[in-house]
Amino acid sequence: MNTTIRILRYGDYDAMQKAGSNIPATNSSNHATSTAPEWPLWEVFVRSKQGLDHKHVGSLHAADAAMAIENARDVYTRRQEGVSIWVVESKYIHASNPDEADSFYEPASDKVYRHPTFYDLPEAIKHM
Amino acid sequence: MEQMLSPEAQHFQEKIDKEIKIEPKDWMPEKYRHTLIRQISQHAHSEIIGMLPEGNWITRAPSLKRKAILLAKVQDEAGHGLYLYAAAETLGISRDEMYHQLHTGKAKYSSIFNYPTLTWADMGVVGWLVDGAAIMNQVPLCRTSYGPYARAMVRICKEESFHQRQGFDSLLVLSKGTPGQRRMLQDAINRWWWPSLMMFGPTDDASPNTVQSMQWKIKRFTNDELRQKFVDVCAEQVKLLGCTLPDPDLKWNAERGHYDFGAINWQEFWNVVSGNGPCNKERIEARRKAWDNGAWVREAASAYASKQQAKQAVAAA
C-alpha cells in the first residue's frame, strides 16, 4: 500500500490555513465519488457533571458549530456522560511544542519550595 | 535486531519502554505512524462495515425491546468508528482519504463482516462471539502506546461489554425456546465459530509484523495468545446455552491448562480477505451507495454553514 501522507496535526492547522478556509484535499484527487471538501474538524470538550471542568474527549467533523454540538452529543454523551459541551474548530487550537518540552517546563523543576511539603514545622502545629 | 538507532529513535523507544504514551505531535518513526494508520483505520472501517450485517435485522427484530437494543448497539458501532477515525486523523491522514481507501478496496476491514446474517439467532451469536472476540483484542489495546488510540479504546471497551452481554442474553432466551429455536441457535453457532477464530488474524509464525508491533507496544499479546484465551472462555460459555462448538478436536488439555482445538481453514480466511467472501461486494457497494447518496447532504450543510457565516459577518460589520 503506497500512501502519501500529509501531516496535519492539531497545532498545524492554524499555520496551514487561513481562518474560514477548508482543509485542502489530500493526495487523492481521483476520489471516485464526491469532490466536495471535508467538513472542518472540531475538538470536543465535555463537562461530565455540574461543578467539574470541561474535559477534552475527542474530535469530529461538522459543517458548523451547531452541528458540531449535536454530533458531539450523539457521539460522546450517549450514556449521559455530559451536561455541557464545548466545541472549537481544531485549527484554532494552539499547542506547546513537544520537542521543546524539556526546556519549556524546566523553570518549574528546581522549585521544590513551592510545595507545602518542603517545610518542616513543629509537631505542635497540627493544621497548617 | 542490532541496528543503529538515531537519537530520536532511541529516545522514542526509551519512552515506549518506560510506558510513556506517544502523543500526536511527538517524534515517531515513519513506520510506527504508518502501522498505526493502517491498524486504526482498518479497525474504524470494521466498525462502520460491521453495522451492515446487523442493520439487516433492525426492522425484523422479534420485539420492540430487542429492536431498541439492536438500534442502540448499531449506533454504538457508528460511534466507535468515529472515535477511531478521529484517532487516525491525529496521525496526519484525512478522513476523506480513509473513506477513499475503504471504498476503493485499498483498505481492509475485519473479514468477519463478509459473512451473511441469515437468522435472528445470528444477531445474538454476533454479539457473543464476534463482539466477544473483538473485546479480547481490544482490552489490551486500551494500554497501547499511542495515546489517542488508547483513549479511543478505553471508551470503546466500556461500551462494548453491553454488546456482548445483550447477545448472550438473547441466546439464553433461544436456548430455552422451542426445538426449532434451539436448532436455529446451534446452526448460527456452527456458522460463526470458525470465522470468529479467524478474527484474531494469522498464526504468529505467519504474522511478520507482530514482533515490531510488540516492541513498539502497539500490540500487547500475539494473535495466537488471544485466540487461545477466546477458545478457553467460549468452550465453557457454550455449555450454558446447551449447545456445542463445531470442532471435534476441541478438548481440555490439563497439561497445558488450555483447550486444544482443531485446525483453522486459512485458505478460507485469505479467500475472504482478498475479496471473495460471501458478502464482500455487497458490503462495499452498500457503503459506497450510502456515501454517494449522502453527498448532497454534506454539500447542503456546507452551503448553509457558509451562508450563516456570511450573514453573521454582515451583522457584525
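Residues numbered from 1 in each chain as written. Chains lettered and ligands numbered in written order. Predicted model: local features only at pLDDT ≥ 70, side-chain atom pairs only at ≥ 80, totals over all residues. Heavy atoms only, no water.

**Q** Whenever I open this one, the overall build of chain B confuses me. Can you help?
**A** Across its full length, chain B carries 13 helices and 2 strands. Taken over the C-alpha trace, chain B has a radius of gyration of 22 Å; the compact-globule value for 317 residues is 20 Å, and the two agree within 12%. By principal-axis analysis of the C-alpha atoms, chain B measures approximately 75 × 55 × 35 Å. By sequence separation, contacts in chain B at least 24 residues apart represent 76% of the contacts at least 6 residues apart. Working note: accessible area of chain B is about 14900 Å², and carbon and sulfur atoms make up 58% of it. Separation of charge centres in chain B, based on 40 positive and 36 negative side chains, amounts to 6 Å. (Helix = DSSP H or I, 4+ residues; strand = E, 2+ residues; numbered from the N terminus. Rg over C-alpha atoms; globule rule 2.2 N^0.38 Å. Contact = heavy atoms within 4.5 Å. Areas by Shrake-Rupley, 256 points an atom, 1.4 Å probe, with all protein chains shown as cover. Lys, Arg positive; Asp, Glu negative; His and termini not counted. Charge placed at Lys NZ, Arg CZ, Asp CG, Glu CD.)

**Q** Any chance you could explain the sheet that holds strand β3 (residues 84-89) of chain A here in plain terms?
**A** Adjacent strands of a sheet form backbone hydrogen bonds with each other and so pair up, either parallel or antiparallel. Residues and elements named next belong to chain A. Spatially, 3 strands are ordered β2-β1-β3 in an open sheet, and the strand pairing comes out antiparallel. Each edge of the sheet is formed by a strand with only one pairing partner; in this case those strands are β2 (54-61) and β3. For this sheet, the mean angle separating the axes of adjacent strands, direction not counted, is 25 degrees. Bridging between strand β1 (residues 41-47) and β3 involves 6 bridges; their strand directions are antiparallel. Each residue of the ladder has a partner; that of W42, found in β3, is E89. Contacting β1, β2 and β3, helix α2 (residues 65-76) runs over the sheet at an angle of about 110 degrees to β2. (Pairing = 2+ DSSP bridges. Axes fitted to C-alpha atoms, helices over the stretch in contact; angles between N-to-C directions.)

**Q** It is not clear to me how the pattern of salt bridges should be interpreted in this structure. Could you clarify?
**A** As a working rule, side chains carrying opposite charge can pair if their charged atoms are close by. Inspection of the entire model under this criterion finds 23 salt bridges over all chains. Note that R220 of chain B is salt-bridged to E19 of chain B, the shortest N-O span being 2.9 Å. With R220 of chain B in the loop between α9 (210-215) and α10 (223-240) and E19 of chain B in the loop between α1 (7-17) and α2 (30-49), this pair connects stretches of sequence that are 201 residues apart. Note on R220 of chain B: relative accessible area 17%, which makes it buried. Within the structure, one salt-bridge network assembled from shared partners comprises R78 and R79 of chain A together with D76 and E159 of chain B. (Salt bridge = Lys/Arg side-chain N within 4 Å of Asp/Glu carboxyl O. Buried < 20%, exposed > 50% of the residue type's maximum accessible area, 1.4 Å probe, protein only.)

**Q** Explain the environment of F113 of chain B here, please?
**A** All names here are of chain B. With respect to the element layout, F113 can be found in the loop between α5 (95-103) and α6 (120-141). Looking at F113, the relative accessible area reads 14%, which means it is buried. For the pair F113 and V272, spaced 159 residues apart in sequence, the C-alpha to C-alpha distance is 9.8 Å. Among residues more than four places away in sequence, those in contact with F113 are S46, I49, G50, P53, V130 and R283.

**Q** Help me understand a nonpolar patch on the surface, please; the structure alone is not making it clear to me.
**A** Residue and element names in this part refer to chain A. Residues V112, Y113, F118, Y119, L121, I125 and M128 make up a contiguous nonpolar surface patch of roughly 770 Å² in combined accessible area. Looking at the element boundaries, I125 is found in the segment after α3 (101-105). Residue classification places I125 among the partly exposed residues on the basis of a relative accessible area of 36%. (Patch = residues over 30% accessible without salt bridge, like charges linked within 9 Å, V, L, I, M, F, W, Y side chains within 5 Å.)

**Q** What exactly am I supposed to notice about helix α11 (residues 266-276) of chain B here?
**A** Because an α-helix completes one turn every 3.6 residues, residues spaced three or four positions apart along the sequence face the same direction. Residues and elements named next belong to chain B. Listing the buried residues of α11 in full gives W266, F269 and V272. One side of α11 holds all its buried residues, which, seen down the axis, span an arc of 125 degrees. Structural note: α11 exposes Q267 and S274 on the side pointing more than 90 degrees away from its buried face. Those residues of α11 that are buried are in contact with α8 (179-198), α10 and α12 (280-293). The residue sitting at the N-terminus of α11 and contributing the capping side-chain oxygen is N265; that oxygen lies 3.2 Å from the backbone nitrogen of Q267. (Arc of directions from axis to C-beta. Polar contact = N/O pair within 3.5 Å; in protein donor to acceptor, adjacent residues only side chain to side chain.)

**Q** Any chance you could explain the packing of aromatic side chains here in plain terms?
**A** Remark: the centre distance and the inter-plane angle together describe each pair of aromatic rings, the angle taken between the planes. Residue and element names in this part refer to chain B. Enumeration over the complete set of coordinates arrives at 17 aromatic pairs over all chains. Ring geometry for W57 against W120: centres 6.3 Å apart, planes inclined by 65 degrees, an arrangement best described as edge-to-face. Taken together, the residues W57 in the loop between α3 (51-55) and α4 (64-89) and W120 in helix α6 connect sequence positions 63 residues apart. For W57, a relative accessible area of 9% translates into the label buried. Under the relative-accessibility criterion, W120 is labelled buried at 13%. Pairing Y85 with Y99 gives two aromatic rings, centres 5.3 Å apart and planes at 85 degrees, and the pair type is edge-to-face. Here Y85 is found in helix α4, whereas its partner Y99 is found in helix α5, with 14 residues between them in sequence. Take Y85 and Y99: they sit in the same class, and that class is buried. Seen from the ring of W291, R298 lies directly overhead, with NZ or CZ sitting 3.5 Å from the centre. (Phe/Tyr/Trp six-rings, centres within 6.5 Å; stacked < 30°, edge-to-face > 60°. Lys NZ or Arg CZ within 6 Å of the ring centre and 35° of its normal.)

**Q** In this structure, what is going on with the packing of α8 of chain B against α10 of chain B? I would like to understand it.
**A** A pair of packed helices is characterised by two quantities: the angle between their axes and the separation of those axes. All names here are of chain B. Between α8 and α10, the shortest axis-to-axis distance is 10 Å and the interhelical angle comes to 160 degrees. Classified by the interaxial angle, the pair formed by α8 and α10 is roughly antiparallel. Contacts between α8 and α10 involve I189, W193, S196, L197 and M198 from the first element and R227, F230, V231, C234 and V238 from the second. When the residues that make up the contact of α8 with α10 are grouped by side-chain class, the tally is 8 nonpolar, 1 polar and 1 charged. (Parallel < 35°, antiparallel > 145°, perpendicular 65-115°, else oblique. Nonpolar A, V, L, I, M, F, W, Y, C, P; charged D, E, K, R; others polar.)

**Q** Mind showing me how you'd approach the pairing of β1 of chain A here?
**A** Note on strand geometry: in a regular strand, side chains alternate between the two faces of the sheet. Residues and elements named next belong to chain A. The buried fraction of β1 amounts to 6 of the 7 residues, a majority that puts the element mostly inside the structure. Here 7 bridges tie β1 to β2, and the two strands are oriented antiparallel to one another. Within β2, the position partnered with V46 by the bridge is K55. Connecting β1 to the next strand, β2, in antiparallel fashion are 6 residues, including G51 with a positive phi near 100 degrees.

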